[in-house]
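Listed below, chain by chain, are the residues.
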Amino acid sequence: MSTKYSFRLQSRDHLRTLPPKVIIGQQDTETAAHVVLKFLAYILFFRERLQLEAHLHQDSIPFVPDLVQLDYELRPRLWVECGECGVNKLNKLAVKVPEAEIWILKRSPEAVEHLLRAMAREDLRRGRYRLLGFDPAMFDELCALLRPRNDLLWVTGGFEPPALQFDFNGLWFDTQFSVFAF
């Protein structure tokens, strides 16, 4: 692991009680943009038993998710991939984690559409995947603000409608994102 990013979290949303702090490691092959995607995924999908980059220790699942929620029998219920994710891996995930919601987060709707075309070309199973694309200008601004120590004040956000309101390192964000199904 080359770098660690610390995020102090506060929530004004009574429906989303966040932990006071989360640390996200940047692997040697990852970019700062990948760290931002993992952080946004953590905040958006926050729930009980949510884990970042958990090794599942199951021979049948050879992958490490960016984000996962396991049920009480240690089966994945939510699987989130951030950034670059091969179509072959996505195809295998549909079989390996049959009960899980599978989400792929990208920096922009254009990046999502590119992946959707590749998934259609490879004839992946329909009805198994949800994809999310952020506003690219907002995403680039977040990447520019990323520091080793960060502060987030969460106000509101969710999927109905797909929107976010938060303060990150002293800058206010009020934005929407796009959700696609495949």
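All figures in this text were calculated on a predicted structure; none of them were measured in a lab.

J.: Kindly report on the pairing of strand 6 (residues 101–106), identifying the contributing residues and their values.
T.: Most of strand 6 is tucked away, with five of its six residues classed as buried. Examined bridge by bridge, strand 5 (residues 76–82) and strand 6 share five bridges and lie parallel to one another. Looking across to strand 6, one finds that Val 80 is bridged to Trp 103. At this point the chain moves from strand 5, through helix 2 (residues 87–96), to the parallel strand 6, and the crossover so formed is right-handed. Here five bridges tie strand 6 to strand 7 (residues 129–134), and the two strands are oriented parallel to one another. By the bridge assignment for strand 7, Lys 106 is matched with Gly 133. In the classification by handedness, the crossover that spans strand 6, the intervening helix 3 (residues 109–121) and the parallel strand 7 is right-handed.

J.: So what's going on with the layout of surface pockets? Which residues, and what values?
T.: Of the volumes computed, that of the largest pocket is approximately 190 Å³. Ranked by residues supplied to the lining of the largest pocket, first place goes to helix 1 (residues 32–44) with three residues. Among the residues making up the lining of the largest pocket, the classes are represented as four nonpolar, four polar and four charged.

J.: Hey, could you go over the side chain of Asp 13 for me, with residue numbers and the actual values?
T.: Along the chain, Asp 13 falls in the loop between strand 1 (3–11) and strand 2 (21–26). Here Asp 13 is buried and forms no salt bridge, its nearest opposite-charge partner Arg 16 lying at an N-O distance of 4.2 Å. When residues no more than four places from it in sequence are discounted, the contact partners of Asp 13 are Trp 154, Val 155, Thr 156 and Gly 157.

J.: Describe unusual backbone geometry, naming the residues involved and giving the relevant values.
T.: Look at the link from Glu 160 to Pro 161: it is a cis peptide, with omega at -5 degrees. Secondary-structure assignment places Pro 161 in the loop between strand 8 (149–159) and strand 9 (162–168). Phi angles above zero are rare outside glycine, and Glu 53 is one such case at about 45 degrees. Along the chain, the position of Glu 53 falls in the loop between strand 3 (50–52) and strand 4 (67–70).

J.: Provide a residue-level description of the packing of helix 1 against helix 4 (residues 136–145), including the pertinent values.
T.: Contact geometry for helix 1 and helix 4: axes closest at 9 Å, N-to-C directions at 110 degrees. When the interaxial angle is binned, helix 1 and helix 4 end up roughly perpendicular. Residues Ala 33, Val 36, Leu 37 and Leu 40 of helix 1 lie in contact with helix 4, whose contacting residues are Phe 139, Leu 142 and Cys 143. Considered class by class, the residues forming the contact of helix 1 with helix 4 number seven nonpolar, no polar and no charged.

J.: Could you give me a rundown of helix 1, with the residues and numbers involved?
T.: Between its first and last C-alpha atoms helix 1 spans 18 Å; for 13 residues at 1.5 Å apiece the expected length is 18 Å, and the two agree. Helix 1 sits mainly inside the fold: twelve of its 13 residues count as buried. Three or more residues of helix 1 are buried, namely Ala 33, His 34, Val 35, Val 36, Leu 37, Lys 38, Phe 39, Leu 40, Ala 41, Tyr 42, Ile 43 and Leu 44.

J.: Provide a residue-level description of the pairing of strand 1, including the pertinent values.
T.: As judged from the six bridges shared by strand 1 and strand 2, these two strands associate in the antiparallel manner. Looking across to strand 2, one finds that Arg 8 is bridged to Lys 21.

J.: Can you explain the nonpolar core? Please cite residues and give values.
T.: When a protein is soluble and globular, its nonpolar side chains tend to lie buried together. Among the nonpolar cores identified, the biggest contains 39 residues, and Phe 7, Leu 105, Phe 134, Phe 166 and Phe 168 are the most heavily contacted of them. Residues within four places of Phe 168 in sequence aside, it is in contact with Phe 7, Phe 39, Leu 142, Leu 145, Leu 146, Asn 150, Asp 151, Leu 152 and Phe 173. Core analysis: the second largest hydrophobic core is formed by 26 residues, Leu 70, Val 87, Ala 100 and Tyr 129 among them.

J.: Explain the environment of Pro 148 to me, and be specific about the residues and the numbers.
T.: Among the structural elements, Pro 148 can be located in the loop between helix 4 and strand 8. Apart from residues lying up to four places away in sequence, Pro 148 is in contact with Lys 4, Tyr 5 and Ser 6.

Criteria and cut-off values
- Residues numbered from 1 in each chain as written.
- Predicted model: local features only at pLDDT ≥ 70, side-chain atom pairs only at ≥ 80, totals over all residues.
- Heavy atoms only, no water.
- Buried < 20%, exposed > 50% of the residue type's maximum accessible area, 1.4 Å probe, protein only.
- Helix = DSSP H or I, 4+ residues; strand = E, 2+ residues; numbered from the N terminus.
- Pairing = 2+ DSSP bridges.
- Right-handed = clockwise from strand over helix to strand, strands pointing away.
- 1 Å grid on protein atoms, 1.4 Å probe; cavity = no way out; pocket = protein on both sides within 12 Å on 5 of 7 lines; lining within 4 Å.
- Points joined across faces, edges and corners; volume = space filled by probe spheres on them.
- Nonpolar A, V, L, I, M, F, W, Y, C, P; charged D, E, K, R; others polar.
- Lys, Arg positive; Asp, Glu negative; His and termini not counted.
- Salt bridge = Lys/Arg side-chain N within 4 Å of Asp/Glu carboxyl O.
- Contact = heavy atoms within 4.5 Å.
- Axes fitted to C-alpha atoms, helices over the stretch in contact; angles between N-to-C directions.
- Parallel < 35°, antiparallel > 145°, perpendicular 65-115°, else oblique.
- Expected span 1.5 Å × (residues − 1).
- Core = buried A, V, L, I, M, F, W, Y, C linked by side-chain atoms within 4.5 Å.

By themselves, these figures tell us nothing about what the structure is for.
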